[in-house]
Amino acid sequence: MSSEESPKNSGRAAAPVQPEKTSREPSSTRSGSAHPERSSRGASGGSGVEGPLEGSVEVGADAAPALIALEEIRRTYHVGGEEVRALDGVSVAVGRGEWVAIVGQSGSGKSTLMNIVGCLDTPTSGRYRLNGTDVRGLSDDELADLRNKEIGFVFQTFQLLPRSTALANVELPLVYRGVPRRQRRELAEEALVRVGLEQRMHHRPNELSGGQRQRVAVARALVGRPALLLADEPTGNLDTATGEEIIGLFTELHEAGNTIVLVTHEPKLAARCPRAVRLSDGKVVADGPGVEVASLQLPRAVGT
Amino acid sequence: MRIGRAISELVEGLRIGLGALAGNRLRTLLTTLGIVIGVMTVIAIVAIIQGLNKSFADQISGLGASTLYVSKHQWLSLGDDWWTRRNRQSIGRRELKAIEEGALLARAVAPQIGGRVTVSGNGHELSRVSIAGTNAKYLETGAGTLRAGRFLVEADVDFSRNVVVLGADVADQLFPGLEPEETLGGRVRINGRGFTVQGVMERRGSFLGQTQDNNVFVPVTTFQRLLGSKRSMQIAVVGSPEELSKLEDELVGLLRRVRRVPPEKPDDFSINRQEQFLKIYRQLTGALYGVAVGVGLITLIVGGIGIMNIMLVSVHERTREIGLRRALGARKRTILVQFLIESSAVAAAGGAIGTLLGLAVAQLVALVSPLAAAVTPSAVALGFGFSAIVGLIFGSWPAWRAANLDPVEALRWE
């Protein structure tokens, strides 16, 4: 553990250098461009309550707002009286149709970030807008509805209901949306066909292989036509070949115009994504094309 | 859309809840055992009480509602001054005569003296048959109806004739296979003396396992000639319902005079009414109901705790499922409803089983004991609804816990 400390620290010291190199181009084209603008604009009209940085992003919507707009997100936990900063000022913007990997080692804050992006958790401070909706101040019910409408989750452990058929599993998000039974069935069948499981619709999870289970999960994520697919280590519980299939499926979905955020600790997987954001100690340390971010982080991973 | 959503959530909740129950059959069964036993007990007790009520109502109808019964002792009275009552003078012909002649408000007066005799005839012999000495007015006191022949007439009493009216059981046993009409004019012996059958009574059925048809009626004068005139008689006096209290006052006056009770002394006789039976009976069944309700409540609480326990386990086991559902857009309320449906379904199922078993137990009790059993639909609905409510109440805390799980924590739970 303590041996891990020094490389991390050195990594953090090195970080400002690396991302400047690697993400110079992306930051001008993607997320990077948004922040300086907003913070400079917002500084004049800031009515922040939670902190100076909070106020600085109080701003009118951009002409074409990003699907995901995270501004100076902080999330702190209190563990045994000690304050733990899981996220320490993260600003990322993801546009429609992008495929972004969020990569980092365990403890880097990527899970916390995923929970916030997925509206399962809310930031301690900072502003998060999803598809134009500011999640700050939303009630628990409104967050549930937002998740239902805007986000399709894919989990590492599939999270399928064991006693229900593939079809019933896929229908679940539509149940909570109040879609009538028949329409629900049609949409679920469509989604299962989309992931290539037309022959397995009436099977229960224990009658399916790992890859098929994850396909069911992907179908469930797609069925409500959410704005965002949020995948947490989707290949983590699969062997290499099956994982490859799932990545292939994601590639297809990306090409079809879906926005995908994929959370992983594997630089290899991040390298397959057009864009990757690297987190370390609750901060963004790199943001750029997946191949570059992944390869740049590799030596450090070897070092540990 | 709102309503559609509410409905589809409810249906989903029902499906999940019942699915979970079906998935854990043994556990579900064990969980509901408490409720089953509770409901079974209550239903069985209530069925027996209702059965009692029914046969009691039949029985009480044998006592006229507007009839006063003059007797030496107060009915159903125990304890305090039995010693003084024990030494009371018997009630006999003197009192009967006084009432017959002096009670202006009386519509009918019938004496009753009872005993046990042996009745034989037609080659059969019956022992311990109850015999009543009475007069022609007996039927007017509401104590029964005649099936065949005629009842005692005044002349029978005046001339102390050896004529008898048979109870239904006695007629059946002495003259098996014969219609009541065919037994008329038959000869029977009562304690060795010959009697002519003059009438047969309508069957009255049994009360608390005691048949009420194993009896014979003879003229009161014949009774006294045969069995002695010392025993105290009871005198039934029928009045009009509105003037029953006045009649009672009149009787008290008459009896005190004829029995020479000094003014400062209390009455040395009692005037009883059907109401007294009702009162005692209500106290008795009230206590039974109290026991039933008490036992039922305790077992339902125990059963409810069992349900709460198993629901907490169920919530715990399905933490990840709850997390998933929350992630997919289930609101807290939806999760709450899901678990409430589950717990009340378990309890209601237990209630249904308990109701069936309770009815079976009541029937069994009715078969092997003198107690009767009757069940009204309301008792069944009560058992069923009550247990569902128990499920709701005891399921609410586990359901609340489920609904308030943090989705992030729940999803990560192993």
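Look a little higher up for the structure.
Below: a short report on this structure. All values reported here derive from a predicted model rather than from experimental measurement. (Residues numbered from 1 in each chain as written. Chains lettered and ligands numbered in written order. Predicted model: local features only at pLDDT ≥ 70, side-chain atom pairs only at ≥ 80, totals over all residues.)

### Observations regarding the overall build of chain A
Going by this rule: Helical segments are the DSSP runs of H or I of at least four residues, strand segments are the runs of E of at least two, and each set is numbered from the N terminus. Here a residue counts as buried when 20 or more other C-beta atoms fall within 10 Å of its C-beta, as exposed when 12 or fewer do, and as partly exposed in between; the C-beta atoms come from the backbone.
For chain A, the helix and strand inventory stands at 13 helices and 10 strands. Within chain A, the proportion of its 304 residues that are buried is 49%.

### Things to note about the nonpolar core
The test is simple: One nonpolar core equals one set of buried Ala, Val, Leu, Ile, Met, Phe, Trp, Tyr and Cys residues connected by C-beta atoms within 7 Å.
With 135 residues, the main nonpolar core has A:Ile102, A:Ala219 and A:Val261 as its most contacted residues. Per element, the largest residue contribution to this core is 15 residues, and it comes from helix H2 (residues 25-60) of chain B. In terms of nonpolar packing, the next biggest core, distinct from the first, is built from 49 residues, B:Ile99, B:Ile131, B:Phe151 and B:Leu255 among them.

### Quick look at the sheet that holds strand E9 (residues 275-280) of chain A
Residue and element names in this part refer to chain A. Our working rule: When DSSP locates at least two bridges between a pair of strands, those strands are taken to pair. Under this scheme, a helix contributes an axis fitted over its contacting stretch, all axes are lines through C-alpha atoms, and angles between N-to-C directions fall in the 0 to 180 degree range.
Reading across from one edge, E6-E7-E8-E3-E9-E10 is the order of the 6 strands in this open sheet, with mixed pairing throughout. Each end of this open sheet is capped by a strand with a single partner; those strands are strand E6 (151-154) and strand E10 (283-289). Within this sheet the neighbouring strands show an average axis-to-axis angle of 20°, counted without direction. Pairing of E9 with E10 involves 6 bridges; the strand directions are antiparallel. What sits directly across from Arg 278, in E10, is Ala 286.

### Looking at the interface of chain B and chain A
When the parts come together, some accessible area is lost, and that loss is often what is quoted as the size of the interface. Which entries qualify depends on this criterion: Our contact criterion uses C-beta atoms placed from the backbone: two residues qualify when those atoms are within 7 Å. Residue classes follow a fixed rule: Ala, Val, Leu, Ile, Met, Phe, Trp, Tyr, Cys and Pro count as nonpolar, while Asp, Glu, Lys and Arg count as charged, and any other residue, Gly among them, counts as polar.
Across the boundary between the two partners, chain B contributes 21 residues, which contact 20 residues of chain A. Within the residue set of the side of chain B that touches chain A, elements represented by two or more residues are helix H1 (2-23), helix H11 (319-327), helix H12 (332-368) and helix H14 (407-412) of chain B. Examining the composition of the side of chain B that touches chain A, we find that 7 residues originate from one element, H1(B), more than from any other. The residue inventory of the side of chain B that touches chain A, partitioned by class, reads 7 nonpolar, 6 polar and 8 charged.

### Considering the environment of B:Gly286
Residue and element names in this part refer to chain B. Structurally, Gly 286 is set in helix H10 (residues 274-317). When the 11 C-beta atoms within 10 Å are taken as the criterion, Gly 286 is described as exposed. Between the alpha carbons of Gly 286 and Ile 49 there is a distance of 9.5 Å; along the sequence they are 237 residues apart.

### Some points on the packing of helix H8 (residues 166-175) of chain A against helix H10 (residues 210-223) of chain A
All names here are of chain A. Quick note on the threshold: Note on angle classes: values under 35 degrees are labelled roughly parallel, values over 145 roughly antiparallel, values of 65 to 115 roughly perpendicular, and the remainder oblique. By the definition used in this description, the sense in which the near helix is turned from the far one sets the handedness, with an anticlockwise turn below a right angle giving left-handed and a clockwise turn giving right-handed.
Closest axis-to-axis distance for the H8/H10 pair is 8 Å, and the angle between their directions is 30°. By the angle between their directions, the pair H8 and H10 is classed as roughly parallel. Here H8 and H10 pass one another in a crossing that is right-handed. Taking contact as the criterion, the partners of Ala 166, Asn 169, Val 170, Leu 172, Pro 173 and Leu 174 in H8 are, on H10, Val 216, Ala 219, Arg 220 and Val 223.

### Examining the sheet that holds strand E2 (residues 82-94) of chain A
Residue and element names in this part refer to chain A. Pairing in this open sheet of 4 strands is antiparallel, and the strands run E2-E1-E4-E5 from one edge to the other. The sheet is open, and its two borders are formed by E2 and strand E5 (133-134), each paired with just one other strand. Two strands pair when backbone bridges link them, and strand E1 (residues 68-79) and strand E4 (residues 125-130) are joined in this way by 5 bridges, in the antiparallel orientation. In the strand pairing of E4, Ala 69 is matched with Arg 129.

### A look at the pairing of E4(A)
Residues and elements named next belong to chain A. In this structure, E4 lies alongside E5, joined through 2 bridges in antiparallel fashion. What sits directly across from Arg 129, in E5, is Asp 134. A loop of 2 residues connects E4 with E5, the two strands running antiparallel in sequence, and Asn 131 in this loop sits at a positive phi of about 50°.

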